[in-house]
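Notes for the structure review
Chain by chain, the residues run as shown.
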Amino acid sequence: MQFMLLFSRQGKLRLQKWYVPLCDKEKKKITRELVQTVLARKPKMCSFLEWRDLKIVYKRYASLYFCCAIEDQDNELITLEIIHRYVELLDKYFGSVCELDIIFNFEKAYFILDEFLLGGEAQETSKKNVLKAIEQADLLQEVRHMSGPALAKQNIPLFVTV
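Residues numbered from 1 in each chain as written. Predicted model: local features only at pLDDT ≥ 70, side-chain atom pairs only at ≥ 80, totals over all residues. Heavy atoms only, no water.

Describing the overall build of the chain
Operational definition: Helical segments are the DSSP runs of H or I of at least four residues, strand segments are the runs of E of at least two, and each set is numbered from the N terminus. Accessible area is worked out with a 1.4 Å probe on protein chains only. A residue is then buried under 20% of its type maximum, exposed over 50%, and partly exposed in between.
A tally of helices and strands in the chain yields five helices and seven strands. Overall, the chain shows an N-to-C arrangement of helices and strands of β-β-α-β-β-β-α-α-α-β-β-α. Each principal axis of the C-alpha atoms in the chain carries an extent, and together these give about 60 × 35 × 30 Å. Every one of the 162 residues in the chain was classed for burial, and the buried ones make up 35%.

Quick notes on the UniProt feature "domain: AP complex mu/sigma subunit" (unreviewed entry) in the chain
Under the convention used in this document: UniProt positions are given in the numbering used here, feature names are shortened, and annotations may be inferred rather than shown by experiment.
Under the present numbering, the feature "domain: AP complex mu/sigma subunit" (unreviewed entry) in UniProt falls on residues 1-140. The annotated region residues 1-140 carries 48% helix and 25% strand content, and the separation between its end C-alpha atoms amounts to 30 Å.

Here's the deal with the sheet that holds strand β4 (residues 54-61)
Quick reminder of the rule: Pairing between two strands is assigned when DSSP locates at least 2 bridges connecting them. For every element, the axis is a line fit to its C-alpha atoms; helices are fit only across the contacting stretch, and the angle between N-to-C directions ranges from 0 to 180 degrees. For this analysis, residues touch if any pair of their heavy atoms sits within 4.5 Å.
Judged by pairing direction, the sheet is antiparallel, and its five strands sit side by side in the order β2-β1-β5-β4-β3 without closing on themselves. With one partner strand each, in any of the chains shown, β2 (13-18) and β3 (48-51) form the two edges of the open sheet. Averaged over all pairs of adjacent strands, the angle between strand axes in this sheet comes to 20 degrees, irrespective of strand direction. Packed onto the sheet, helix α2 (residues 76-94) meets β1 (3-8), β2, β3, β4 and β5 (64-70) and runs at close to 35 degrees relative to β4.

Things to note about the environment of Cys 98
In this structure, Cys 98 sits in the loop between α2 and α3 (99-104). Classification of Cys 98 as partly exposed rests on a relative accessible area of 38%. For Cys 98 and Tyr 61, which are 37 residues apart along the polypeptide, the C-alpha to C-alpha distance reads 9.2 Å.

Quick look at the pattern of salt bridges
The line we're drawing: By salt bridge we mean one thing: a side-chain nitrogen of Lys or Arg within 4 Å of a carboxyl oxygen of Asp or Glu.
All told, the structure shown has eight salt bridges when counted by the stated rule. A salt bridge links Asp 114 to Lys 17; the shortest N-O distance between them is 3.0 Å. Of this pair, Asp 114 sits in helix α4 (residues 106-116) while Lys 17 sits in strand β2, and the two are 97 residues apart along the sequence. Take Asp 114: its relative accessible area is 31%, and that puts it in the partly exposed class. Owing to a relative accessible area of 21%, Lys 17 belongs among the partly exposed residues under this scheme. Its salt-bridge partner being Glu 76, residue Lys 55 comes within 2.9 Å of it at the nearest N-O pair. Within this pair, whereas Lys 55 is found in strand β4, its partner Glu 76 is found in helix α2, the two being separated by 21 residues in sequence. Look at Lys 55 and you get buried, because its relative accessible area is 11%. A network of salt bridges, in which partner residues are shared, links Glu 26, Glu 33 and Arg 52.

Things to note about the packing of aromatic side chains
Think of a pair of aromatic rings as described by two things: how far the centres are apart, and how the planes are tilted against each other in angle. To be explicit about the condition: The criterion for an aromatic pair is that two Phe, Tyr or Trp rings (for Trp, the six-membered ring) have centres within 6.5 Å, with stacked assigned to planes under 30 degrees apart, edge-to-face to planes over 60 apart and tilted to the rest. Over a ring means this: the NZ of a Lys or the CZ of an Arg is within 6 Å of the ring centre and within 35 degrees of the ring normal.
Evaluated as defined, the whole model comprises six aromatic pairs. Ring centres of Phe 7 and Tyr 65 lie 5.4 Å apart, and the angle between their planes is 15 degrees; this geometry places the pair in the stacked category. One end of the pair, Phe 7, is in strand β1; the other, Tyr 65, is in strand β5, with 58 residues separating them in the sequence. Assigned by exposure class, Phe 7 and Tyr 65 land together as buried. Centroid distance Phe 66 to Tyr 86: 6.2 Å. Interplanar angle 75 degrees. Geometry classified as edge-to-face. Within this pair, whereas Phe 66 is found in strand β5, its partner Tyr 86 is found in helix α2, the two being separated by 20 residues in sequence. Between the NZ or CZ atom of Lys 59 and the centre of the ring of Tyr 61, over which it lies, the distance is 5.5 Å.

See the structure below:
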């Protein structure tokens, strides 16, 4: 996968993850072009399209479009499954996810994506394992937030690796 974009029906970018190095100007150009192209398509049209030298795979969930760019030889159905799995993870974490959850908790949306995908490839297919890792990270953040200053003064590590 080259990149993933999440945008609203109004064309507002909500999340972007790039797995290839591009300058900001090129990213903005690609984003603008793709958002316009996908939003112009009719609902009954296929969720795959050829664009430049890539294949674009997208799926609309409620008011958000999840859009991925893949190589020409990559499997579109697997990419659709990856999009669906990410939506399931968001849904499980937020409890019926909506656009506002992503807007106000974008760091969590990115963290979930990073736990699921690494370098544009699925690194963990088990929803349970991904959610467990997110839960542990939330717990660690909570522990640090609650007792961070006290632990820092005592110079006590939060966990020890063996």
